[in-house]
Structures are given as C-alpha cells and as structure tokens.
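Okay, here's what each chain looks like letter by letter:
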Amino acid sequence: MSKQNDKKVLVLSFLGVITLILVVVGATYAYFAAQGGGTGNINVNAGTATTDNLSFQVGESINITANEEDFGSGAGNKVGSTYARATLTANNATNNATRNYYVYLDITSNDFEYTTEDRQAEILLKVTDPDGTEITSINGLTRKTSGRGENEVTGFDITTTEDLIRIVDNYEITSTGTVTQEWNIEIIFVNLDSDQNGNTNKTFNANLIIQETAMEGGVSIPTLANVCPDGGNLASCIQTYYTAYGEGTYGLYLHDGIGTYTNADQEAEDNSYRYAGANPNNYVCFGSDEETCPADNLYRIIGVFGDEVKLIKSDYATSALLGTNGDYSGDTYKDNTDYYKGSLDVFDAYYWNGNNQNTWSESLLNKINLNTNYLNNIGNDWNNKIANHTWQIGGNTYDNILKNTVKNTYQNEIINQLTNTTYSAKIGLMYVSDYGYAASPESWNTTLLYYDEVKSVNWLYMGLIEWTITHDASSSQVVFPLFYQGFTYGDGTKGYYVVRPVFYLNSDVQIYEGHDGTASDPYRIVI
C-alpha cells in the first residue's frame, strides 16, 4: 500500500512539474519585439433567462517594443495581432436569438512619439470586421498612410494614443443555431526609413475587450474650446484648432494639397478647412439664443473658405422658414422616408425652378424662398451675420460632374465651369463637391454616382432627395440633386424635393466660450 501511495505521489509530482514547465514556456512566448500577453482564450458567458447563450473570447494582448535594429534601412514593419470573438447559440424553443455587444481596444501604456516634422504615423491600428471588411471610420481617430514601398500601410494613427478606443458600438449578432463573429486587429509599428531613434526602447501595450455593456470613457476628442477657451472669431478658432491638433482630428482637413492621409491627392487644393467623416463635432446654433438650441436652429459647418465659415442647415427647411409661395410645390414629400436620419414629421417640398429651366438666377426657390422669405423669417440680427457671396453657377456636363472622383468634380464645378457664370446672394444650396468632400477621405476616389457605397461615413447625408445648386450646362432642364440612397444623379428642375439653406458667415462672427460643437451642445454665436 505504501509503494502504491508513493507511486501516486510521484506521478502527481511529475504532472505538476510538466504543468509548471508548460506555464513558463507559454509565459515567455514572443515574436519580433511584439509579444503576446496572457489574456488569450478568455470565455465569458452572458446567458439570459431563456437558453440563449452569448459567449466571448479574446486573443492575447499586444506588446510592442522598438529596438535600434528596427529602424535600419530595408527593415520591415513590426506587427502585433489579436482577435475578439462573440458566439451566440439560440434557444431550443424558438431557434432564434439576437443580441448586441461592444468591442474596445484598451491601450494600457504607450510612450511612442512622432519623430518627423510632418507627424507621420508610426503606430497604426487596422481593424477587420466579421465579414472580412476593413473598418475605415472610428470616432476620434484619423486614418493615415505611412511608410514607403513595401512598408507603406494605411490605418488609424494611434502613435501617441493612450486611452480606451471603442472599436464597435452595440453591434448586432443574430443566430438560428450557433453563430460566431470574429473581429481582428493589427497594431503596426511602421519603419519610415528615416531617423526614428527617438522611439528607441519605447513600448506599446494593449488588450481587446468584448462585452455586452458599454464602457465609460474613451479617446478624448478635443473641441474648439481647447484652443479658444474664451470664445473668439469662429473662422480663426477652426484654423487654430487644425494647427494645434493636426490633420483629421475629429474630421477636420486642410485642403492644401500636401496632406498625409489616404487619398490626400484628392484634396480640393483651395486651402479650405473642411469637415469630413461620419459625425464630426461641427454643429452651430443659428437663429436662436435660447439656452437649449431648438432642433430647427441647428446648422453644421461645411468648412472655412478664406475667412468665412460656410454653414448648412442640419435638417431640412420647412415652409415655416421658406414660405408657401415662390417655388413651393404644394406637396409634402412622402417617398422613401425610411432612409431619413432627422426628426421632422412633415417634409415640405420645392421645385428647383418651376419654369422648368435650370437657370439659377431665374429660380423662385433662389429669389423668393431662400433670399427673401428665409432672410425675413430669421430676423435682422441673424440676417446681418450672413455674408453676401458670389456663387459659382456655370455648371458642367453630367459626365464631368457625376462620373468623376470628388477632386475632378470640384474642378469642373467650381474652377472650370462650362459657362463662366456667377450669382451674388446671401443664401444658396450646397455644391455637389461639398457633398463629396463631406465623406471620409478614404471615399474621395469614389465616383459621385457611387456615393451610396460611402453614405455611412458622410455627415451631409440625411436620407431624402434634396437639391444642390449645380446644373447640367449641356441641357436646359437638368440639375444634380442628391438621391435618397446617397449618390448624386441628374433630374429635371420640376421634381419636388426638400431643401437645406447654405450660406457663409461674415468674417467677424464670434462664438461664446465653453461649447463643444455637438448636437446637444453646439457652438453659440455672439449676437
């Protein structure tokens, strides 16, 4: 009996030693200077009162250290990768289950810095969704292209980020049996083939988190209040904001032709500052000084052009603003409202020009509804904040406007009009190129006819058919509205569609301190 017990003790001791060895080997696993941490294969079950079961699994943490040999000419990029999985099993009774979850990247430490004067990205984040599609928009992050030749890579710049990043928000998973969704991320240290010695021995550490509930906090997104804490000139504050925080910070881009982000070669090159992406903080309260800005007084900043800020009404204008005379169609827009993103219950529709001619100077929508009724209805104080502007209304052909990427559309619409025609007035409509440049830069090489593919990353998209100011100069009746699915197309002037007034503020317009430019706390104009 004693020998048998001794054998058992010996066997158990041997197994314990083997287990310890495996633990030690696993703990010291590494690749390049990017190591896998110890959070792999964590399963979290989130069952309900039924037999539905939602479980989560995450891969190893990512740890990257930059060594001197990593900066040599010809050395490649370093990549750390991990994943997050959600698995949903439906109950046996209905064989149908739907749940939602959140995915975060928690950057626990990061002391990397920019080593080039133009702040080229040195740490990039790439995210692939369960369908295998790369994510191109994450709130608070800017996509950039860095590196040269074989080292060139595009991703979200997180070179100096040390925070919680929300990868996906309330993502839906549905199952009639068992379904698994997997998110994959890569953290890339880019060899810029330049002097990056300032990052020698710098480290980056991050974990993926996947769960059913939202987390507090996240990437801190600066607002104009960070650079204009006491308020000030709106145009100057936006320009200072860009200088302080750089290209793409919450969707602000300088179109000077030398950007460092994806499709920077598609810039307008007019030195404008334009907002782009899904939902930048570019809201302004115009026409009201109430403590809480009414929804009907919310406008958004298209950009800064010279020293003037260009605004567009956030939601569509009703007849209370534009009147029921002029080019009012007498109809309420009803079609395709399933795409609509705003809060109106009634949509008043207008002709572009009721006389069936695409000459903007003859349009009653222009002369009566916008430049008479609207200006009268907002009152003198607010009317006086609007600049008289020279609008480019020469137009161009269908092919030159719609069958082009946004830069070529801009050139044909603004610079090289088919006929050199302008119109001086306070109120107008958006240009087709305004809509094109409001999409995230990754979309700017998409033809305007196919902008339905990128409407989810275009803050100007509101979901109904609406007028632009641009017409087909090769025809006497065709103009270019935005279709409800997100692309631009050609149509006659007697369609009855919705309208959003557009105008430029006077160069001396000031804003009050302490507002962040969101829909709930828009920038407030000093009257």
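The structure contained in this document is the topic of the report that follows. Counting from 1, residues in each chain are numbered in the order their sequence is written. In view of the model being predicted, local features appear only for residues whose pLDDT reaches at least 70, and side-chain atom pairs are presented and counted only at 80 or more, with totals across whole chains, interfaces and linings using the full set of residues. Processing note: side-chain calculations cover all non-hydrogen atoms of the structure and skip hydrogens and water entirely.

Side note on the overall build of the chain
Scanning the chain from terminus to terminus reveals nine helices and 28 strands. We call a residue buried when its accessible area falls under 20% of the maximum for its residue type, exposed when it is over 50%, and partly exposed in between, using a 1.4 Å probe and counting protein chains only. Residues classed as buried in the chain amount to 52% of the 527 residues present. Residue contacts are counted whenever heavy atoms from the two residues lie within 4.5 Å of one another. Here the analysis covers contacts within the chain between residues at least 6 apart in sequence; of these, 72% occur between residues at least 24 apart. What sets the accessible areas is the Shrake-Rupley method with a 1.4 Å probe; for residues, cover comes only from the shown protein chains. For the chain, the accessible surface area stands at approximately 22700 Å², while carbon and sulfur atoms represent 45% of it. Counting from the N terminus, the helices are the DSSP runs of H or I reaching at least four residues and the strands are the DSSP runs of E reaching at least two.

With respect to the nonpolar core
Residues enter a nonpolar core if they are buried and are Ala, Val, Leu, Ile, Met, Phe, Trp, Tyr or Cys, with the set joined through side-chain atoms within 4.5 Å. Residues Ile 238, Phe 286 and Tyr 374 are the most contacted members of the largest nonpolar core, which totals 97 residues. Looking at which element gives the most residues to this core, the answer is helix 3 (residues 234-245), with six residues. Excluding residues within four positions of it along the chain, Ile 238 makes contact with Leu 224, Leu 252, Tyr 273, Tyr 275, Ile 301, Val 304 and Val 309. If you look at the next biggest cluster of nonpolar residues, it comprises 36 residues, including Phe 56, Ala 97, Ile 138 and Ile 187.

A closer look at the packing of aromatic side chains
In this scheme Phe, Tyr and Trp rings, the latter by its six-membered ring, pair at centre separations within 6.5 Å, and the angle between planes marks the pair as stacked below 30 degrees, edge-to-face above 60, and tilted otherwise. Evaluated as defined, the whole model comprises 32 aromatic pairs. When the centroid spacing of 5.6 Å and the interplanar angle of 55 degrees are considered together, the rings of Tyr 299 and Phe 503 count as tilted. Here Tyr 299, found in strand 17 (residues 298-305), pairs with Phe 503, found in strand 26 (residues 502-504); they are 204 residues apart in sequence, far enough to count as distant. Across this residue pair, the class does not change: Tyr 299 and Phe 503 are buried. Judged by centre distance (4.7 Å) and plane angle (85 degrees), the rings of Tyr 340 and Phe 347 are edge-to-face. Its relative accessible area of 7% is what places Phe 347 among the buried residues. Taken together, the ring pairs in this structure connect Tyr 253, Tyr 261, Tyr 410, Tyr 437 and Trp 444 into an aromatic cluster.

Some details on the side chain of Asn 412
With respect to the helices and strands, Asn 412 occurs in helix 8 (residues 406-415). Residue contacts for Asn 412: discarding those within four places in its chain leaves Gly 395, Asn 396, Asn 400, Ile 401, Asn 404 and Gln 417.

What to know about the pattern of salt bridges
Salt bridges are defined by distance alone: a side-chain nitrogen of Lys or Arg within 4 Å of a carboxyl oxygen of Asp or Glu. Using the criterion set out here, one finds 15 salt bridges in the structure. Glu 134 is the salt-bridge partner of Arg 143, the closest N and O atoms lying 3.3 Å from each other. Relative accessible area serves as the criterion here: at 29%, Glu 134 is assigned to the partly exposed category. Across the salt bridge formed by Glu 442 and Arg 143, the nearest N and O atoms sit 3.1 Å from each other. On the criterion of sequence distance, the pair formed by Glu 442 in the loop between helix 9 (432-437) and strand 24 (478-479) and Arg 143 in strand 8 (residues 143-146) is long-range, its members being 299 residues apart. Take Glu 442 and Arg 143: they sit in the same class, and that class is buried. Three or more residues joined by partner-sharing salt bridges are found here, namely Lys 126, Glu 134, Arg 143 and Glu 442.

Focus on the pairing of strand 12 (residues 203-211)
Pairing analysis gives four bridges linking strand 4 (residues 62-65) to strand 12, with the strands arranged antiparallel. If you follow Ile 62 over to strand 12, its bridge partner there is Ala 206. Pairing between two strands is assigned when DSSP locates at least 2 bridges connecting them.

Observations regarding the state of the cysteines
Note on terminology: disulfide denotes any pair of cysteine sulfur atoms within 2.5 Å. Counted according to the given criterion, the structure contains two disulfides. Between Cys 228 and Cys 237 runs a disulfide, and the two sulfur atoms are separated by 2.0 Å. Because the sign of the S-S torsion sets the handedness, a value of about -120 degrees for the bond joining Cys 228 and Cys 237 places this disulfide among the left-handed ones. In this pair, the class of Cys 228 matches that of Cys 237, namely buried. Across the disulfide from Cys 285 sits Cys 293; the S-S distance is 2.2 Å. Linking Cys 285 and Cys 293, the disulfide has an S-S dihedral of approximately 90 degrees and is accordingly described as right-handed. Both residues of the pair, Cys 285 and Cys 293, count as buried. By sequence-ordered numbering of the bonded cysteines, the chain has its disulfides arranged as 1-2, 3-4.

Focus: helix 5 (residues 364-378)
Leu 365, Asn 366, Asn 369, Leu 370, Asn 371, Asn 373, Tyr 374, Leu 375 and Ile 378 are the residues of helix 5 that are buried. Here a polar contact means two N or O atoms within 3.5 Å. Within protein one must be a hydrogen donor candidate and the other an acceptor candidate, and residues neighboring in sequence count only if both atoms are side-chain atoms. The N-terminus of helix 5 is capped by Ser 363, whose side-chain oxygen sits 3.2 Å from the backbone nitrogen of Leu 365.

A closer look at the side chain of Thr 262
Following the sequence through the fold, Thr 262 ends up in the loop between strand 14 (252-254) and strand 15 (273-275). On the accessibility criterion, Thr 262 (16% relative accessible area) is buried. A polar atom in the side chain of Thr 262 sits 3.2 Å from the side chain of Thr 145. Ignoring anything within four residues of it in the chain, the contact list for Thr 262 reads Arg 143, Lys 144, Thr 145, Thr 154, Pro 441 and Glu 442.

Examining helix 8
Inspection of helix 8 places Val 406, Thr 409, Tyr 410, Asn 412, Glu 413 and Ile 414 among the buried residues, and these make up the whole buried set. On its buried side, helix 8 packs onto strand 15, strand 21 (389-392), helix 7 (398-402) and helix 9.

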